[in-house]
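# Examination of the molecular architecture
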Amino acid sequence: MVENVYNKFAGRSVERLCAISDGLFAVAMTLLLIEVHPPLKEAIHSEADLCRALQHMFPQLLMFLMGFLTLGIFWVGQQTQLNHFKESDRNLTWIHLTFLAVVSAVPFSTALLAEFPTYRTALGFYWLNVLLLGLFLLWSWRYGVAANLVKEDVPADVSKATYRRILAAQGLYALGAALCVFGTWWSIGFIFLMQLNYAVAPKIRGLFRI
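What counts and how
Residues numbered from 1 in each chain as written. Predicted model: local features only at pLDDT ≥ 70, side-chain atom pairs only at ≥ 80, totals over all residues. Heavy atoms only, no water. Helix = DSSP H or I, 4+ residues; strand = E, 2+ residues; numbered from the N terminus. Buried < 20%, exposed > 50% of the residue type's maximum accessible area, 1.4 Å probe, protein only. Contact = heavy atoms within 4.5 Å. Areas by Shrake-Rupley, 256 points an atom, 1.4 Å probe, with all protein chains shown as cover. Phe/Tyr/Trp six-rings, centres within 6.5 Å; stacked < 30°, edge-to-face > 60°. Patch = residues over 30% accessible without salt bridge, like charges linked within 9 Å, V, L, I, M, F, W, Y side chains within 5 Å. Salt bridge = Lys/Arg side-chain N within 4 Å of Asp/Glu carboxyl O. pLDDT = per-residue confidence, 0-100. Core = buried A, V, L, I, M, F, W, Y, C linked by side-chain atoms within 4.5 Å. Axes fitted to C-alpha atoms, helices over the stretch in contact; angles between N-to-C directions. Parallel < 35°, antiparallel > 145°, perpendicular 65-115°, else oblique. Left-handed = near helix turned anticlockwise from the far one by under 90°. Nonpolar A, V, L, I, M, F, W, Y, C, P; charged D, E, K, R; others polar.

### Considering the overall build of the protein
Counting its regular elements, the protein contains 9 helices and 0 strands. In the protein, the order of α-helices and β-strands from amino to carboxyl end is α-α-α-α-α-α-α-α-α. Out of the 210 residues in the protein, the part that is buried amounts to 40%. Pairs at least 24 apart in sequence give 76% of the contacts found in the protein among residues at least 6 apart. For the protein, the accessible area works out to roughly 12,200 Å², and carbon and sulfur atoms hold 68% of it.

### Examining the packing of aromatic side chains
Taken as a whole and assessed by the stated rule, the structure comprises 6 aromatic pairs. For the ring pair Phe-116 and Tyr-119, a centre distance of 5.6 Å and an interplane angle of 80 degrees mean the geometry is edge-to-face. Taking the relative accessible area as the measure of exposure, Phe-116 reaches 37% and is therefore partly exposed.

### Some thoughts on the environment of Ser-104
Its place among the elements puts Ser-104 in the loop between α5 (90–103) and α6 (106–115). Classification of Ser-104 as partly exposed rests on a relative accessible area of 41%. In sequence terms Ser-104 and Leu-71 are 33 residues apart; their C-alpha atoms lie 9.7 Å from each other.

### Things to note about a nonpolar patch on the surface
Taken together, the side chains of Val-27, Leu-31 and Ile-34 define a hydrophobic patch exposed on the protein surface, amounting to about 250 Å² of accessible area. Mapped onto the elements of the fold, Val-27 is located in helix α2 (residues 14–34).

### A closer look at the confidence of the model for the protein
Looking at the protein, the pLDDT average stands at 85 and 82% of residues meet or exceed 70. Across the protein, helix α7 (residues 120–146) holds the top mean pLDDT of 96, while helix α1 (residues 2–9) sits lowest at 51.

### Here's the deal with the pattern of salt bridges
For the coordinates displayed, the defined rule picks out 1 salt bridge. Note that Glu-152 and Lys-86 form a salt bridge whose closest N and O atoms lie 2.9 Å from each other. Of this pair, Glu-152 sits in the loop between α7 and α8 (156–178) while Lys-86 sits in the loop between α4 (58–84) and α5, and the two are 66 residues apart along the sequence. Residue classification places Lys-86 among the partly exposed positions, given a relative accessible area of 33%.

### What to know about the nonpolar core
Ranked by internal contacts, the top residues of the largest apolar core, which has 35 residues, are Met-66, Leu-71, Phe-74, Phe-99 and Leu-113. Sorting the residues of this core by element identifies α2, α4, α5, α6, α7, α8 and α9 (184–200) as the ones contributing at least two each. For this core, the element with the highest residue contribution is α7, accounting for 8 residues. Other than its neighbours up to four places away in sequence, Met-66 contacts Leu-113, Tyr-126, Ile-188, Ile-191, Phe-192 and Gln-195. Counting 11 residues, the second-largest nonpolar core is a separate cluster that includes Cys-18, Leu-82, Leu-149 and Val-158.

### What about the packing of α4 against α9?
Axes are the key here: two packed helices are described by the angle between their axes and the distance separating the axes. Where α4 meets α9, the closest approach of the two axes is 10 Å, and the angle between their N-to-C directions is 45 degrees. Judged on the interaxial angle alone, α9 and α4 are oblique. Read as a crossing pair, α4 and α9 show a hand that is left-handed. Where α4 abuts α9, its residues Phe-58, Pro-59, Leu-62, Met-63, Leu-65, Met-66, Leu-69, Thr-70 and Ile-73 lie against Trp-185, Ile-188, Ile-191, Phe-192, Gln-195, Leu-196, Tyr-198 and Ala-199. Of the residues assigned to the contact of α4 with α9, the class counts are 15 nonpolar, 2 polar and no charged.

Following this line, the structure appears as structure tokens:
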């Protein structure tokens, strides 16, 4: 009986969930940059050496941007959902804590892809990380609606738009991952452009929106 009462009142604060989410996303974004290492000073003896070293760093820099866009997109997605919830409960809180555990893996999956950009296994691990992020956000919204945790004044079309955006984005990520049959750089280029579109499309007329 005591356990049932505890479970009924545990994890009700959306504000606290937002706070821990913001903190963990900030740490994950910072860890992305820590994985980008400047050229060794001992190997640089001229401007030409530095330019060549920076060219060799291109995969690291591109993956940093990809990882940052990934975290930014999913941070916006999670915060949008949390803003629509009037309260949380124990189950929804644990869904988001598990989502945050997947978020914490993004710096590793990004660093793995930066180190091995031509390996399909590294690309697959990155895509799996993104897939799990999308699935947990989808689960969060489905559960929130079913458990009547969504604010009463949220329009009905918000729910449809949420499902459509998550499913469409995951479909595009899957398409990007599938392009590795032609080469992993095809996948990386497609995913990067797709993420860039999600980040800037609201400000640029004519770009693809979901």
